[in-house]
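Fold and geometry: a report
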Amino acid sequence: MENDFDLAVIGAGCAGLAAGVYGGRAGMKVCIFDKGKAGGQLLITHKIENYIGFTDISGPDLAAKMLEHAQQYSQVKEFIEVEHVRAEGDHILIKTTEGEYTAAALLLSTGADHKHLGVPGEEELAGKGVSYCATCDGFFFRNRKVIVVGGGSTAAIESLYLKGIDVDVSLVHRRDRLRAESALIEDINKTDMPIHFNKRVIGIQGEKRVEKVILECTDTGDHTEMATDGVFIAIGLQPNDMLAKQLGLEMTEDGLVKVDPVFRTSNPRVFASGDLIGGVRQAITAAAEGTIASLNVLPLVGKQYPW
Ligand code: NAP
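Below is a short write-up of the structure.

Conventions adopted
Residues numbered from 1 in each chain as written. Predicted model: local features only at pLDDT ≥ 70, side-chain atom pairs only at ≥ 80, totals over all residues. Heavy atoms only, no water. Near = heavy atom within 4 Å. Polar contact = N/O pair within 3.5 Å; in protein donor to acceptor, adjacent residues only side chain to side chain. Areas by Shrake-Rupley, 256 points an atom, 1.4 Å probe, with all protein chains shown as cover. Nonpolar A, V, L, I, M, F, W, Y, C, P; charged D, E, K, R; others polar. Pairing = 2+ DSSP bridges. Helix = DSSP H or I, 4+ residues; strand = E, 2+ residues; numbered from the N terminus. Axes fitted to C-alpha atoms, helices over the stretch in contact; angles between N-to-C directions. Patch = residues over 30% accessible without salt bridge, like charges linked within 9 Å, V, L, I, M, F, W, Y side chains within 5 Å. Salt bridge = Lys/Arg side-chain N within 4 Å of Asp/Glu carboxyl O. Lys, Arg positive; Asp, Glu negative; His and termini not counted. Charge placed at Lys NZ, Arg CZ, Asp CG, Glu CD. Buried < 20%, exposed > 50% of the residue type's maximum accessible area, 1.4 Å probe, protein only.

A word on the site of the ligand
If you check the shell around the ligand, you find 18 residues, and the closest are Thr-154, Arg-174, Arg-175, Arg-179 and Glu-181. Thr-154 has a polar side-chain atom sitting 2.6 Å from an oxygen atom of the ligand. Contact between the ligand and Gln-282: a nitrogen atom at 3.1 Å from a side-chain N or O atom of the residue. Burial of the ligand by the protein chains amounts to 78% of its free accessible area of 920 Å². Per-class residue counts for the shell around the ligand are four nonpolar, nine polar and five charged.

A few points about the sheet that holds strand S13 (residues 212–217)
If you trace the three strands from one edge of the open sheet to the other, you get S12-S13-S14, paired in antiparallel fashion. Looking along the sheet, the strands with just one partner apiece sit at the ends: strand S12 (199–205) and strand S14 (223–227). With strand direction ignored, the average angle separating the axes of adjacent strands in the sheet is 30°. Strand direction decides the pairing type here: S13 and S14, joined by five bridges, are antiparallel. Each bridged residue has a counterpart across the sheet, and for Lys-212 the counterpart in S14 is Ala-227.

Overview of a positive patch on the surface
On the surface, Lys-115, Arg-174, Arg-175 and Arg-179 cluster together to form a positively charged patch. Within the fold, Lys-115 resides in the loop between strand S7 (112–114) and strand S8 (130–131). Residue Lys-115 is classed as partly exposed on the basis of its relative accessible area, which comes to 35%.

Distances and angles like these do not, on their own, reveal function.
Here's what the structure looks like:
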């Protein structure tokens, strides 16, 4: 049947697209759904220097290569949102914005969205100076002043990107040190970028656009104002777990989908990979997780492992 698959994958990021390549090459009929364009977080990653074999490639370029590769072995359905999933007997029912599908197994690789600070002004000024993606919005802030909030690798990459396109950027972090990869910290230290440690953003203000932020010193509790044209928020990710919850999958204490060593969830027909399950959250590990999961679907569809 046209809408009946061995493996349905939800989320066409690194994990989902790799599952498409391996699942298809192992003889399964694989379909990959994505509510947007294929590529996931790669699409908003300016530069990738740690995907083995690529010393320097843009995220969108790597995503395009992955998509082309996956399309050779599986059906990739972009701009189709999966609204509901249900496990029933020996298959999974998948209800999308474009009709219903069934599959013997499901791989959830729905990734994660940007976390919000949850401070006054953030939602009101979103798109008016508040941004979660330097690659998408940085260009509009050339020769203007912005802050990047966060102390992890994303905050480091976003601020280096902004610096590189002539944005007057400062980092604001709530602790006394960054926790980004050391290579990124070294790159930041080579610049003259100011870093405001021990400062928490407690408000974002402006009439029509962002004009300033209110900072609280985490040591003294003192409040100060800092004039800025933009606020780039890079404080981590929130897993997209709606479908996992619909299926009633077991979760970890940190709110991630619980998986076994082959990325099988508490439902034996459902696998999960990528940012939905946490871990080191790298493009290459997500691809590996999708690969391992897809090959472990084979026994469910009466096929032998190829090894
Ligand atoms: P992350 O490592 O979780 O860092 C989030 C940062 O935001 C932390 O410094 C955290 O502060 C801060 N933060 C969290 N909530 C906050 C709040 N409410 N207010 C102010 N600050 C807040 O997130 P990430 O940088 O997005 O990275 C996610 C994962 O992707 C990590 O595993 C990372 O290694 C990986 N990654 C890798 C690369 C790469 O090129 N290798 C690039 C990007 C991401 P605390 O330090 O106080 O907790």
